[in-house]
Amino acid sequence: MPNIHVGSPPIEWERWESNLVHFHSFESISTEKGHWVWSPKFSCCNHEWRVVISPGGRKDSDDGKVSLFLHHCLGSGISAKYGFLFRDARGKVVEEVVSAEYQMFEEGQQYRARGWCNFAERTLITNPSNKALNHGTLTVEVRIKPGDDHCCLNFIPKNEFTQDMLQSFMDEDTADVVFEVKGQVGGAEDESLSVIFHAHQLVLQFRAKGSTLASLCEEYDKSTPVPIGDIDPQVFRKMLYYLYGGNIAAAEWKARSKDLIDAADRYGVKNLKIEAEAWYVKHLKITVENVVDTVAFADEKNCFLLKEAATSFILSNGQEVLSSDSFQGIPESKSLMREIISLATMKRRGDGKRELEDPAELSMNELRAELYNNGEDIDGPRNRLISQLVKLKKRKMNAAE
């Protein structure tokens with residue numbers, strides 16, 4: 001969060017860095033003691049952190065108290081002062097706490113967190129007269145000040161790894177594997193239109209670990225191109241560019257997301273497939289006429305977010321879909337039936353919102369986000385992701401006790 005200084009700040013202000021963490025629908029979070037909600041990871045002082053809050057307090061907290069802790073996620077051990085505060089609608093500080101001394105956040109202690117089990121009275125936050133919630137959101141300002149051993153005020157250039165990786169993209173001199181992608185005319189391959197792509201096996205092994213694309217390289221060397229067919233050379237180029245750390249423009253996602261799903265699925269590039277699917281779902285307008293084809297494509301390519309979107313459409317437009325001619329061609333699928341039943345039985349509170357404490361009530365998008373923010377694998381069907389998240393929550397609860 002940028003700070004604008006007029007004049008020289010006092011020495012006490014030096015090296016403090018701040019981030020805002022927003023806990024939306026705060027009053028809907030369970031107030032059971034020991035129930036924790038974790039923020040996504042954020043970067044501060046060149047380290048990665050998360051904020052964890054329990055509106056009902058830790059199990060040893062006083063009744064009615066909110067617990068708030070800072071969790072060190074990534075980076076070597078660091079000595080730091082830290083603090084939390086939240087403000088009212090006018091910007092006035094309602095509650096603020098700061099550690100009196102520098103404290104050590106140890107390296108490698110995965111669930112080690114520091115903070116306050118009695119951070120603030122819950123009523124101080126929820127009482128409307130205090131105006132601490134902005135449309136139901138509690139915004140916590142997290143402040144961190146690293147110790148002298150972990151701070152350098154001199155100019156330091158950024159790590160240019162991603163930029164260097166992109167410079168090696170299609171570099172014929174350093175490449176050790178070559179792909180020959182057959183061009184097509186009218187759906188038929190035409191060798192005269194073949195396109196050559198130079199790549200590096202090490203990049204593919206790490207960025208597309210265990211994929212078909214990486215394993216293909218093991219059978220060839222630079223002198224013998226790896227033959228690639230049934231894919232548009234431009235789509236293959238975008239897939240390769242993605243593996244080198246490149247960003248695909250929004251307009252390209254809109255135009256080629258379905259093609260990229262197909263390519264990523266065929267060659268086992270998991271993250272590309274998930275990102276392409278997210279863009280495809282964003283831009284696809286599901287209708288009675290295309291919902292059957294959408295379900296079939298989602299089933300064939302194991303696109304679980306797309307299948308959820310199509311299933312939701314079927315549930316919302318059931319009579320119209322059932323009476324359509326296209327519905328007669330819908331594929332028989334046990335996984336589709338499970339998806340329909342799961343969405344149809346999702347519990348809702350009186351205000352129409354889901355009870356997010358139960359992983360089974362999360363959407364596919366929410367499951368992926370929660371697991372990704374915790375460093376977990378997000379490629380899989382809904383029931384597998386729910387099981388992963390249940391296990392993750394149990395580990396966190398045990399570690400917090």
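Further up the page is the structure itself.
The structure contained in this document is the topic of the report that follows. No experiment lies behind these values; they were computed from the predicted model shown. (Residues numbered from 1 in each chain as written. Predicted model: local features only at pLDDT ≥ 70, side-chain atom pairs only at ≥ 80, totals over all residues. Heavy atoms only, no water.)

### A closer look at the environment of N118
With respect to the element layout, N118 can be found in strand β9 (residues 113–121). Placed 50 residues apart in sequence, N118 and L68 show a C-alpha to C-alpha distance of 7.8 Å. Those residues in contact with N118 that lie beyond four places of it in its chain are S61, D62, K65 and V66. Reaching out from N118, the side chain makes a polar contact with the backbone nitrogen of D62 at a distance of 2.9 Å. (Helix = DSSP H or I, 4+ residues; strand = E, 2+ residues; numbered from the N terminus. Contact = heavy atoms within 4.5 Å. Polar contact = N/O pair within 3.5 Å; in protein donor to acceptor, adjacent residues only side chain to side chain.)

### Details of the packing of helix α7 (residues 270–283) against helix α9 (residues 304–316)
As a packed pair, α7 and α9 sit with axes 8 Å apart at the nearest point and diverge in direction by 20°. Between α7 and α9, the angle falls in the class roughly parallel. Contacts from E277, A278, Y280 and V281 of α7 reach α9 at F304, L305, L306 and A309. Taken together, the residues of the contact of α7 with α9 sort by class into seven nonpolar, no polar and one charged. (Axes fitted to C-alpha atoms, helices over the stretch in contact; angles between N-to-C directions. Parallel < 35°, antiparallel > 145°, perpendicular 65-115°, else oblique. Nonpolar A, V, L, I, M, F, W, Y, C, P; charged D, E, K, R; others polar.)

### Points about the pairing of strand β7 (residues 93–98)
As paired elements, strand β6 (residues 78–87) and β7 share five bridges and run antiparallel to each other. When the sheet's bridge partners are listed, F86 is paired in β7 with E95. Adjacent in sequence and paired antiparallel, β6 and β7 are bridged by five residues, among which G91 carries a positive phi angle near 95°. (Pairing = 2+ DSSP bridges.)

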